[in-house]
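# Coordinates in review
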Amino acid sequence: MHRTSMFDVAILGASGFVGAELLRLCAGHPRLNPRRLFGDSQAGQAAQSVHPHLALAYPDLEVERFEPRLLDGIDLVLAALPHGHSQLVAPEIIRRGIPFVDLGADFRLNGADEYERWYKEPHGAPELLGRFAYGIPELHREAIAGSRTVAAAGCYPTAAILALRPLLALIEPGSIVVNAVSGVTGAGKALKEETHFNSVDENFSAYGLLTHRHTAEMEMELGGSILFTPHLAPMNRGILATCYASAKGPCDPLEALRQAYAAEPFVHVSERSPSTKWTLGSNAVHLTARYDERTGRVLAIAALDNLVKGAAGQMIQCANLMLGLDETAGLPRVGVWP
């Protein structure tokens with residue numbers, strides 16, 4: 001799809017944290033124009049009321065309740081909905097032939113059985129699963145560019161998969177362990193006891209022991225069984241994934257990462273151990289890796305902003321490819337510091 005005019009965008013889940021990031025990034029995008037904002041919980045409110053920090057960019061937009069007829073004239077749909085909800089709207093979007101990037105888990109996995117195993121409910125549109133490209137552009141660029149439907153990867157999987165995928169030839173299958181930490185925005189905007197200030201402040205905890213749903217994506221992309229333990233940190237945003245695996249022998253995983261990502265605009269590989277704040281507000285991923293001679297293990301670490309490269313930024317990166325635009329359009333490569 002090539003043209004010089006603007007692409008009119010509809011955002012589903014526009015009132016949430018990811019919706020806000022989509023709007024922020026679109027405000028700096030040369031070709032994406034948010035035209036419809038859908039969000040049932042805050043329908044009827046002005047966008048600048050829901051997201052005051054975006055008031056100067058969107059003085060006239062209003063959040064609406066979704067109706068299929070409101071997709072008339074839309075060139076791109078970006079959906080940031082809770083899992084299960086995209087299955088309800090995807091058939092209509094696909095029927096209309098509108099390019100569609102979905103951040104929900106609904107269409108990330110390869111099969112309905114795998115979805116039901118991890119999400120504990122039957123898939124509502126299993127016939128559509130094969131239509132979606134898996135949305136990590138660094139690994140699936142051609143598939144994304146050639147598809148009209150993309151399932152953007154989850155935040156934890158993006159970090160772990162980018163850290164480990166180039167190292168698979170160096171490590172023993174089935175030996176991967178991923179310990180990852182996320183900021184509170186990863187839990188979404190809805191009020192929950194475990195994300196109240198008193199629960200999070202001065203606290204650090206693991207959750208989803210042995211059953212976290214993002215394990216399925218990691219295993220799909222990396223192969224073998226993976227032990228994944230997520231943790232909640234008292235910070236707003238950011239993910240730090242520390243990954244371990246048994247090495248097949250002495251190796252140089254840092255050089256493997258450098259070679260794999262040398263031409264990637266959003267991936268920085270360094271000897272320094274990365275920090276989440278280095279990526280704040282950016283679509284960047286910072287990586288490092290080591291081989292430990294003493295234990296015979298490989299260590300790989302990834303840091304990213306869960307709301308940008310782990311969500312809205314990756315969605316726009318995918319959309320740029322789908323629309324034939326510069327892949328980096330509208331996406332910051334540098335973080336905000338301090």
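Figured I'd write up the structure that's included with this text. (Residues numbered from 1 in each chain as written. Predicted model: local features only at pLDDT ≥ 70, side-chain atom pairs only at ≥ 80, totals over all residues. Heavy atoms only, no water.)

Looking at the secondary structure, you find S15 in the loop between strand 1 (7-12) and helix 1 (17-27). You can call S15 buried: its relative accessible area is 8%. Look past the residues within four positions of S15 in its chain and what remains in contact with it is G39, S41, Q42, V50, H51 and K189. (Helix = DSSP H or I, 4+ residues; strand = E, 2+ residues; numbered from the N terminus. Buried < 20%, exposed > 50% of the residue type's maximum accessible area, 1.4 Å probe, protein only. Contact = heavy atoms within 4.5 Å.)

With that settled, the discussion passes to the side chain of S86. Examined against the element boundaries, S86 turns out to sit in helix 3 (residues 86-96). On the basis of relative accessibility, which here comes to 0%, the residue S86 falls in the buried class. Of the polar contacts made by the side chain of S86, one reaches the side chain of D102; its length is 2.6 Å. In contact with S86, other than residues within four places in its own chain, are A79, L81, D102, D106 and F107. (Polar contact = N/O pair within 3.5 Å; in protein donor to acceptor, adjacent residues only side chain to side chain.)

Let us now look at the sheet that holds strand 5 (residues 100-102). On the basis of which strands lie adjacent, the open sheet formed by seven strands has the order 3-2-1-4-5-7-6 and parallel pairing. In this open sheet, the two edge strands, each paired with only one partner strand, are strand 3 (63-64) and strand 6 (133-135). Across four bridges, strand 1 lies against strand 4 (residues 76-79) in parallel orientation. Following the sheet pairing, A10 is matched in strand 4 by V77. (Pairing = 2+ DSSP bridges.)

Attention shifts here to the state of the cysteines. This model, assessed by the stated rule, comprises zero disulfides. With no disulfide of its own, C26 lies closest to C318 among cysteine sulfurs, the gap being 14 Å. For C26, a relative accessible area of 2% translates into the label buried. Not engaged in a disulfide, the cysteine C155 finds its nearest cysteine sulfur in C243; these two sulfurs lie 13 Å apart. Under the relative-accessibility criterion, C155 is labelled buried at 12%. (Disulfide = S-S within 2.5 Å.)

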